[in-house]
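Per-entry structural report
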Amino acid sequence: MLLLRTMSMLCISGMLLMGCNANTDTSENVEEETEEAVSAAEAEFDEERNEMRNNLQEWGNKIDQRIEHMEAEMENASAEAEADMEEELAELRDERAQINQSLEDLENATEEEWQEFKKGTNELLADIERGWENMEAEMEEEVNEM
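Report follows, based on the coordinates. All residue numbers refer to positions counted from 1 along the written sequence of the respective chain. Where local features are concerned, this predicted model is filtered to residues with pLDDT of at least 70; where side-chain atom pairs are given and counted, the filter is 80 or more; whole-chain, interface and lining totals use all residues. Note that water and hydrogens are dropped before the side-chain values are worked out from all heavy atoms of the structure.

**Things to note about the pattern of salt bridges**
Put simply, a salt bridge is a Lys or Arg side-chain nitrogen that is within 4 Å of an Asp or Glu carboxyl oxygen. Counting across every chain of the model gives seven salt bridges. Arginine 53 serves as the salt-bridge partner of glutamate 107, at 2.8 Å between the closest nitrogen and oxygen. Taken together, the residues glutamate 107 in helix H2 (residues 79-108) and arginine 53 in helix H1 (residues 2-74) connect sequence positions 54 residues apart. For glutamate 136, the salt bridge identified is with arginine 66, shortest N-O distance 2.5 Å. On the criterion of sequence distance, the pair formed by glutamate 136 in helix H3 (residues 114-145) and arginine 66 in helix H1 is long-range, its members being 70 residues apart. Here the term buried applies to any residue with accessible area under 20% of the maximum for its type, exposed to any over 50%, and partly exposed to those in between, with areas from a 1.4 Å probe on protein chains only. Taking the relative accessible area as the measure of exposure, glutamate 136 reaches 41% and is therefore partly exposed. Its relative accessible area of 23% is what places arginine 66 among the partly exposed residues. In DSSP terms, a helix is any run of H or I states spanning at least four residues, a strand is any run of E spanning at least two, and both are numbered starting from the N terminus.

**Describing the nonpolar core**
Take the buried Ala, Val, Leu, Ile, Met, Phe, Trp, Tyr and Cys residues and link them wherever side-chain atoms come within 4.5 Å; each set so joined is a nonpolar core. Core analysis: the largest hydrophobic core is formed by 22 residues, its most contacted members being Ile99, Trp114 and Trp132. For this core, the secondary-structure elements that each account for two or more residues are H1, H2 and H3. Broken down by element, this core gets its largest block of residues, eight residues, from H1. By definition in these notes, contact holds between two residues if any of their heavy atoms fall within 4.5 Å. Among residues more than four places away in sequence, those in contact with isoleucine 99 are Leu56, Trp59, Gly60, Ile63, Leu124, Leu125 and Ile128.

**Digging into the environment of aspartate 64**
Within the secondary structure layout, aspartate 64 lies in helix H1. The exposure class of aspartate 64 is partly exposed, given its relative accessible area of 27%. C-alpha of aspartate 64 to C-alpha of leucine 92: the two residues are 28 residues apart in sequence and 8.3 Å apart in space.

Listed below in structure tokens is the structure:
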């Protein structure tokens, strides 16, 4: 009888230990999977941030080129054309300042703020692009009227 009791206790103890090990394995697996998911999310955030940084820098370079081009054209422009160009230059410089601010904000954006930041920055870039398209259309109209 004592042997039976001892054997039963050993079996129960063994099952409990196996159950604990199973839980430990499951906990370790969950922990590993969680760490992998966090790492993947961080990598995706970093990738999106780098893409946005490159896009903003590219737009900044485009604006800089337009400013340089316009400043060169102003040297040979009439007084009336120069006044119009000054207005356009002011708009370009304002756009450049907005790009610079977005680049600065990008470095401070957290993952929690990212979607809102990305939305606002994409809207800014779309507004700049529409403004350029409108300016080009107006210039084309002026040329056609001459």
